[in-house]
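Chain residues, written in single-letter form:
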Amino acid sequence: MPFALLHRDGADHVDVLTGDVVTVATLDDIPMTPGTPVLAVIPYRQITERGFACVDDGAPLECLLVRSRHTEPLSNFPPGEITLHDGGFDLSDDEYARVVEEVLRDEIGHGAGANFVIHRTYQARFEGDPRAAFGRLLHGEQGTYWTFLVDTGNRILIGATPERHVSVLDGIVMMNPISGTFRHGSGDILDFLRDPKEIEELYMVLDEELKMMACVAEHGGQVAGPYLKEMARLTHTEYLLAGRGSLDVRAVLRETMFAPTVTGSPIENACRVIARHERRGRRYYAGVVALLDHDEAGRQTLDAPILIRTAEITPDGLLRVPVGATLVRHSTPAGEVAETHTKAAGLLSALGAVPSRPLPVRGTAQSSEVQRLLAARNDDLARFWLDSRAPGALTVPSLAGRHAVIVDAEDTFTGMLAHQLKALGLSVTVLPWTTVTTPTPGTTPTPGTAPTSGPGTATTPTPGSGTAPASGSGSGTAFAPGSASAVGHPTVPEVLAAADLVVFGPGPGDPSDLGDPKMAALHRLVGSVLAAGRPFFAVCLGQQVLASQLGLPLRRRDSPYQGLARDIDLFGTPRRVGFYSSFSAVAHQTVAATPYGPVTLAVDPTDDTVHALRGPGFAGVQFHPESVLSRDGVDILRELLPSLLTDVVSPAIPG
């Protein structure tokens, strides 16, 4: 009979579940009947339910319908002997290093995202009793979120996963971003905690899981931590996120597929990058094992750890241990090759398949210096996400009751931005760029004439004329001023015209690539709103498109600004902000004369990068005010947005 053995960190027993296994097609098909818990083994391919790219390997979504449940003491699961032979990675070290180099150069270097997780799989022939392997994990590993064995009759999954992906209990949704890997005995834990790569890596996954929390919790997620996650052979750093939510737990699973710690960010483009470079399916790696149930009050509950540090054993005895490394701008091929060896060795050592010397754990966290270094990580983070506050505490009177529409360019940072705008008093709608249609050209304001609506007096430049003055190309690759305007300026789509404020959000990609349907659409949309004089605000990619429409040249950075916090001068005020970009506008002066009126620029004197701009009825920022890295993000929104809506009559009353 199919069964599962589950042990949670700190428990003195193992939960033993038995029942029947059914295979379902989608998350919505997972049975949810009070009195019948379900243990669902969710493969990576379910990411297609969100419409994201995936190499579909056909791995099934299997559900154990629990008919019987009891507990047994740990002593009932002694470690036993197992044997692995003919073991090795499916990709050699050299092959994996080449893939890492390609992703660093061609994806992160060209603005596809901040970080990506690329996996390889250790494979071997397995001999022994899987229960003996489970016993070895129980006795050889510590600090895991779940240690488990699931036998569906079609496959066995056995693992010691450190990371809760998402849980729901008493109406509280929790997530647990973990990142950074310190191998015990490899050096000084203090050096690990000071390592900029490890610090930035954790910040980036924190931001990415805050995006997910923005979709499943009513007010987004509140951040607690950071903490050390100490295991027998490895130590990680982690945060905890919590927020109140009311979604069906299957919807929570869907909206959080899958953790950035095993995919990357932004998530949608990370899936494209994974499919492009891995070129093979992931099976259950990066998926989740989820226990769905109801509490005594009949409310749904969920507990879903990530399927990492997990071995899959097929009926013919093939063992697969997939492991991945998180690639960021500081990564090196050699370093990421070593990380995959470390992660594979951790599970293999615990299984007793390779020699190991267990080290004492859970003493490091008592060090005052460790605690100081951990606490210091929050010094420059956004208090908006770390502190609780009373409803309405941040409301700006001039924004209260106004309606904003955010155009999402495939980066769910827009969910976090929506929570900030709501906190300021706005009502908010987030729309994917694909749903914001542009009318057929024909009613575009005549080039060279002023629009009749909206603040300020702007004129539309002749498409392709390049009449906007150049403001300096700086170094690197620059694009001709005004070149993007060749796509034309149709009228403003109705859904945007009905908003008090339009926000063009961030997203991955090259803003100058008008062969990309997304980029062409964004240029049309920004051009139409700009020409009509409607109030709008642009973030990151949105600002790059706006700058191009204004005639400012764009440049790809020599080194990507992905997950980087910096102190900048923002129109005369020092501000701490977070960047996720590989492109930016450049200028030599702080005021540019454009066909839409004079535009004030916040320019970095060291490299001519335009950090922000503002003109009649519009403003843009190259950084992410919504990011946890932007200590001053919400204050910046409080300063920039009210002036955009001055003397604007609301075109519609939000319903």
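Let me begin by describing the structure that accompanies this report. From a predicted model like this one, the values you see are computed outputs, not experimental measurements.

As for the overall build of the chain
Thinking step 1. Summing up its helical and strand segments, the chain has 14 helices and 28 strands in all.
Thinking step 2. Out of the 655 residues in the chain, the part that is buried amounts to 60%.
Thinking step 3. In the chain, 75% of the contacts between residues at least 6 apart in sequence involve partners at least 24 apart.
Thinking step 4. Carbon and sulfur atoms make up 51% of the accessible area of the chain, which totals about 23,300 Å².

Some words on unusual backbone geometry
Thinking step 1. A cis amide bond links glycine 225 to the next residue, proline 226, at an omega of 5°.
Thinking step 2. Secondary-structure assignment places proline 226 in strand 12 (residues 222–230).
Thinking step 3. The linkage connecting methionine 257 with the following residue, phenylalanine 258, adopts the cis geometry, with an omega of -20°.
Thinking step 4. For phenylalanine 258, the location among the structural elements is in the loop between helix 5 (249–255) and strand 14 (264–265).
Thinking step 5. Phi at aspartate 86 takes a positive value of approximately 60°, unusual for a residue other than glycine.
Thinking step 6. Within the secondary structure, aspartate 86 sits in strand 5 (residues 82–89).
Thinking step 7. Residue aspartate 86 is classed as exposed on the basis of its relative accessible area, which comes to 65%.
Thinking step 8. Of note, aspartate 608 is a non-glycine position whose phi angle comes to about 65°, a positive value.

Things to note about the sheet that holds strand 22 (residues 536–539)
Thinking step 1. Sheet architecture is open: eight strands sit in the order 20-19-21-22-28-27-26-25, paired in mixed fashion. The two strands at the open ends of the sheet, each matched to only one other strand, are strand 20 (427–432) and strand 25 (591–594). Taken over all neighbouring pairs, the strand axes of this sheet differ in orientation by 20° on average, direction set aside.
Thinking step 2. The pairing of strand 22 with strand 28 (residues 618–621) spans four bridges and is parallel. Each residue of the ladder has a partner; that of phenylalanine 536, found in strand 28, is phenylalanine 618.
Thinking step 3. Taken strand by strand, helix 10 (residues 413–423) contacts strand 19 (403–408), strand 20, strand 21 (501–504) and strand 22, and its axis lies near 170° from that of strand 19.

Considerations on the pairing of strand 25
Thinking step 1. What you see with strand 25 is a clean split: Ala592 and Thr594 sit on the buried side and Val591 and Ala593 on the side with no burial.
Thinking step 2. The turn linking strand 25 back onto strand 26 (residues 597–603) is made up of two residues.

The rules we used
- Residues numbered from 1 in each chain as written.
- Predicted model: local features only at pLDDT ≥ 70, side-chain atom pairs only at ≥ 80, totals over all residues.
- Heavy atoms only, no water.
- Helix = DSSP H or I, 4+ residues; strand = E, 2+ residues; numbered from the N terminus.
- Buried < 20%, exposed > 50% of the residue type's maximum accessible area, 1.4 Å probe, protein only.
- Contact = heavy atoms within 4.5 Å.
- Areas by Shrake-Rupley, 256 points an atom, 1.4 Å probe, with all protein chains shown as cover.
- Pairing = 2+ DSSP bridges.
- Axes fitted to C-alpha atoms, helices over the stretch in contact; angles between N-to-C directions.

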